[in-house]
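# Understanding the architecture of this molecule
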Amino acid sequence: MTHTDGYLLTHRQPKAADRFDAAATLFDPTTFRHLENLGVGPGWRCWEVGAGGTSVVSWLAKKVGPTGRVVATDIDTSRLAPAARPPVQVRLHDVGVEEPPGEGFDLVHARLVLVHVRDRERALRSMVKALRPGGRLLVEDADPTLQPLSCPDEHGPEQRLANRVRQGLRRLLAHRGADLAYGRTLPRLLRQAGLRRVEADAYFPITSPACAALESATISQVRDQLVTAGLVTDEDIDRHLANVASGAMDLATAPMISAWGRKA
């Protein structure tokens, strides 16, 4: 495969809504726990970077209330329309290229975004720049290299096939410019950016209905690219999706590493 740029899992593809719903089910509880601990409340000014869907944006809007502000940005805002009412402002924005949509934010948050951004260093600088002194940054990103398997318990042909499909997906992501070992670097990068009181943890679901739903939606979205690249066959994908639908697979996601700190 030759190297290409661009986000592999675009918002307008079939099954994108299913993928957003599954990701929200899996990761919202962790994200909301961190946001609660950071003290998000009435009157806060928040920037949700690469918002994608509405679950985090809507949660923030309820927390900040009518005196607060939530700026939700993405390179494709088509799925943010239901949340586009005060205190939420939706803006088309590329965090890896453009200046931040304002400054003086109390909170900047990005989940499963920077791993896909070509100029991650610039994006992180932009996010820190947008914070007020004492403002909080929460960055959450996957680390597929840390745990590369779809089925960590590879005990049969179904699990071996699932892991081969996951390997193909990882190759596609890498050739689109994703950094598959980015999550583990977040604590160091936040400290290097000058943030104080940096902490981090990781969430690693191993099996749940939402893991299966996310797997099915993701592979359905990229099946044409997987087949065209010669990584798997259509028959492989049909068999894998049937195995997932059977409910007998213990499917895992890559660990999501959350790191947070305060601007000096």
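Since this is a predicted model, take the numbers as computed values, not measurements.

### Observations concerning the nonpolar core
The biggest cluster of nonpolar side chains holds 25 residues, and the ones touching the most others in it are Trp-47, Val-95, Val-108, Leu-114, Met-127, Leu-137 and Val-139. When contributions to this core are tallied by element, the ones reaching two or more residues are strand S1 (45-49), strand S4 (105-111), helix H3 (120-129), strand S5 (131-142) and helix H5 (186-192). It is H3 that contributes the most residues to this core, 4 residues altogether. The contact partners of Leu-137, leaving out residues within four places of it in the chain, are Val-108, Leu-124, Met-127, Val-128, Leu-131, Leu-190, Leu-195, Ala-259, Trp-260 and Gly-261. Counting residues in hydrophobic clusters, the runner-up holds 21 residues, among them Val-40, Cys-46, Ala-61 and Leu-138.

### Observations concerning unusual backbone geometry
With an omega of 10°, the peptide bond between Pro-86 and Pro-87 qualifies as cis. Relative to the helices and strands, Pro-87 is located in the loop between strand S2 (69-74) and strand S3 (88-92). We note that Leu-112 has phi near 55°; this positive angle belongs to a residue other than glycine. If you trace the backbone, Leu-112 turns up in the loop between S4 and H3. Look at Arg-197: it is not a glycine, yet its phi comes out positive at around 55°. Inspection of the secondary structure puts Arg-197 in strand S6 (residues 195-203). Relative accessible area serves as the criterion here: at 61%, Arg-197 is assigned to the exposed category.

### What about H3?
Every buried residue belonging to H3 is among Arg-120, Ala-123, Leu-124, Ser-126, Met-127 and Val-128, and all of these are buried. Taken together, the buried residues of H3 touch S1, S4, S5, H5, S6 and strand S7 (256-263).

### Comments concerning the packing of helix H6 (residues 209-228) against helix H7 (residues 234-245)
Two elements in contact, H6 and H7, have axes whose closest approach is 10 Å; the angle formed by their N-to-C orientations is 175°. In terms of their interaxial angle, H6 and H7 are classed as roughly antiparallel. Contacts between H6 and H7 involve Ala-212, Glu-215, Ser-216, Ile-219, Ser-220, Arg-223, Leu-226 and Val-227 from the first element and Asp-234, Ile-237, Asp-238, His-240, Leu-241 and Val-244 from the second. In terms of residue class, the contact of H6 with H7 is built from 7 nonpolar, 3 polar and 4 charged.

### Thoughts on the pattern of salt bridges
Enumeration according to the criterion identifies 14 salt bridges in this entry. Across the pair Glu-36 and Lys-63 runs a salt bridge whose closest N-O atoms are separated by 2.9 Å. Taken as a pair, Glu-36 in helix H1 (residues 16-37) and Lys-63 in helix H2 (residues 55-64) lie far apart in primary sequence, 27 residues in all. With a shortest N-O distance of 3.9 Å, Arg-122 and Glu-99 are connected by a salt bridge. One end of the pair, Arg-122, is in helix H3; the other, Glu-99, is in the loop between S3 and S4, with 23 residues separating them in the sequence. Given the relative accessible area of 29%, Arg-122 is considered partly exposed. For Glu-99, a relative accessible area of 47% puts it in the partly exposed group. Bridged by salt links that share partners, the residues Arg-45, Asp-106 and Arg-132 form one connected network.

Criteria and thresholds
- Residues numbered from 1 in each chain as written.
- Predicted model: local features only at pLDDT ≥ 70, side-chain atom pairs only at ≥ 80, totals over all residues.
- Heavy atoms only, no water.
- Core = buried A, V, L, I, M, F, W, Y, C linked by side-chain atoms within 4.5 Å.
- Buried < 20%, exposed > 50% of the residue type's maximum accessible area, 1.4 Å probe, protein only.
- Helix = DSSP H or I, 4+ residues; strand = E, 2+ residues; numbered from the N terminus.
- Contact = heavy atoms within 4.5 Å.
- Axes fitted to C-alpha atoms, helices over the stretch in contact; angles between N-to-C directions.
- Parallel < 35°, antiparallel > 145°, perpendicular 65-115°, else oblique.
- Nonpolar A, V, L, I, M, F, W, Y, C, P; charged D, E, K, R; others polar.
- Salt bridge = Lys/Arg side-chain N within 4 Å of Asp/Glu carboxyl O.

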